[in-house]
Amino acid sequence: MSRFVEVPHRMLPAQTLDALLETFVTRQGYDTTDVASDMHDWVRELRRQLERGELLIVHDLQTESTEVMTLAQWQSFGRAVADDEEEGDW
């Protein structure tokens with residue numbers, strides 16, 4: 001059984017999805033102080049990226065945490081997890 005499960009964004013309630021995306025924005029260091037592009041604009045853009053498959057929502061069954069990742073982050077993360085599994089780190 002895999003430790004990580006991809007969560008289809010359409011399965012999440014809108015408020016939950018927005019909260020995940022807002023957390024992603026702040027962790028990625030997006031400038032949310034610009035009047036022209038506030039948090040709502042960033043969340044709308046991230047929703048479009050989810051639709052295009054550029055972002056993923058991933059749930060970790062071991063830590064019971066859920067994260068938004070770019071496709072590149074997920075691919076890099078998957079390689080690191082595979083290396084850890086081979087070494088028996090978890």
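Here the structure is shown first, and the text comes after it.
The rules behind the values
Residues numbered from 1 in each chain as written. Predicted model: local features only at pLDDT ≥ 70, side-chain atom pairs only at ≥ 80, totals over all residues. Heavy atoms only, no water. Pairing = 2+ DSSP bridges. Helix = DSSP H or I, 4+ residues; strand = E, 2+ residues; numbered from the N terminus. Axes fitted to C-alpha atoms, helices over the stretch in contact; angles between N-to-C directions. Buried < 20%, exposed > 50% of the residue type's maximum accessible area, 1.4 Å probe, protein only. Polar contact = N/O pair within 3.5 Å; in protein donor to acceptor, adjacent residues only side chain to side chain. Contact = heavy atoms within 4.5 Å. Salt bridge = Lys/Arg side-chain N within 4 Å of Asp/Glu carboxyl O. Core = buried A, V, L, I, M, F, W, Y, C linked by side-chain atoms within 4.5 Å.

A. Representation of the sheet that holds strand β1 (residues 4–6). Taking strand neighbours across the sheet as the criterion, the 3 strands line up as β1-β2-β3 in an open arrangement whose pairing is antiparallel. Each edge of the open sheet is held by one strand with a lone partner, namely β1 and β3 (65–70). Ignoring which end each strand starts from, the neighbouring axes of this sheet average 30° apart. Looking at chain direction, β1 and strand β2 (residues 55–60) are connected through 3 bridges and run antiparallel. Within β2, the residue paired with Val5 across the bridge is His59.

B. Structural view of unusual backbone geometry. Phi at Glu64 takes a positive value of approximately 55°, unusual for a residue other than glycine. Inspection of the secondary structure puts Glu64 in the loop between β2 and β3. On the basis of relative accessible area, Glu64 is assigned to the exposed category, the value being 67%.

C. Seen up close, the side chain of His9. As for its position among the elements, His9 is in the loop between β1 and α1 (14–28). Here Glu51 takes part through its side chain, which lies 3.0 Å from a polar atom of the side chain of His9. Once residues within four sequence positions are removed from consideration, His9 is found in contact with Leu17, Leu50, Glu51 and Ile57.

D. Spatial organisation of the pattern of salt bridges. Counted by the stated rule, this structure contains 7 salt bridges. Notably, a salt bridge pairs Glu45 with Arg52, separated by 3.4 Å at the nearest N-O pair. Take Arg52: its relative accessible area is 48%, and that puts it in the partly exposed class.

E. Expanded view of the nonpolar core. Counting residues in hydrophobic clusters, the biggest one holds 12 residues: Val7, Leu17, Leu20, Leu21, Phe24, Val25, Val43, Leu46, Leu50, Leu55, Ile57 and Val68. If one sorts the elements of this core by residue count, α1 sits on top with 5 residues. Ignoring anything within four residues of it in the chain, the contact list for Leu20 reads Leu12, Ile57, Thr66 and Val68.

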